[in-house]
Amino acid sequence: DGQNKVNRQVEMFSRRPQSSMNGIRPVIEKIQRDATLKALEATEEFKPLYIWTPMLKKQIASMKVQLYFQLKDNKMVDAVLPQAMMMDPQTVAIKLVRMYKNNDEKIDKFFKRVINRFRGDTRAFVACVYAWIKLKKDDSKSALDALLNAKKLSDHPVLLANIEHLSNGKLKHFSNS
């Protein structure tokens, strides 16, 4: 429902542009925020089903982590993260980012434990997030090692470009996209 509202706003704006795209951005962000809050409220309806489906609580926690992260509510992300399943790359990436922001020393151990769960593009995504964190900590050697390890099972163009940039010492050209 929220995505449809956003699409309608963008379509209306493109038909009759009254100002720059910056004028519509706050409206779109508000619609997205409202839709995310509505999704968080909807997750509460699943609570009665937790006793019947044991993994549902962890799956809902994983969804909440992503929704709170989208809302930039880091306190709630940190509160829900321990209950979440670390099965999808977005949740793992969020945990890596929160571990970095909280200066958690177990980040390397966590990365080494979860990276082997992923193949292809998802492995490249998680490895690029970890490499970005290592670059922020001024550890380009570990960043390059993580990317080279991910290259064994993925040939994603962003991964290959990042390996090339780090190999040539062009740290500023590192891309997370």
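Residues numbered from 1 in each chain as written. Predicted model: local features only at pLDDT ≥ 70, side-chain atom pairs only at ≥ 80, totals over all residues. Heavy atoms only, no water.

## Some details on the nonpolar core
By size, the foremost hydrophobic cluster in this structure holds 42 residues, and its most contacted members are Val-92, Leu-96 and Leu-147. For this core, the secondary structure elements donating two or more residues are helix H3 (56-70), helix H4 (74-80), helix H5 (89-101), helix H6 (107-114), helix H7 (120-136), helix H8 (140-151) and helix H9 (157-167). In terms of residue count, H7 provides more of this core than any other element does, nine residues in total. Every residue in contact with Val-92, bar those within four places of it in the chain, is listed here: Met-86, Phe-110, Val-114, Phe-118 and Val-126. Counting five residues, the second largest nonpolar core, distinct from the first, contains Val-6, Phe-13, Ile-24 and Ile-31. (Core = buried A, V, L, I, M, F, W, Y, C linked by side-chain atoms within 4.5 Å. Buried < 20%, exposed > 50% of the residue type's maximum accessible area, 1.4 Å probe, protein only. Helix = DSSP H or I, 4+ residues; strand = E, 2+ residues; numbered from the N terminus. Contact = heavy atoms within 4.5 Å.)

## What to know about H9
When H9 is considered as a whole, its buried residues turn out to be Val-158, Leu-159, Asn-162, Ile-163 and Leu-166. For H9, the arc enclosing every buried residue in end-on projection is 140°, short of the 170-degree limit, so these residues lie on one face. Those residues of H9 that are exposed and angled more than 90 degrees off the buried face are Pro-157 and Glu-164. As for H9, its buried residues are in contact with H7 and H8. Note on H9: the residue one or two positions beyond its end, Gly-169, has a positive phi of about 75°. (Arc of directions from axis to C-beta.)

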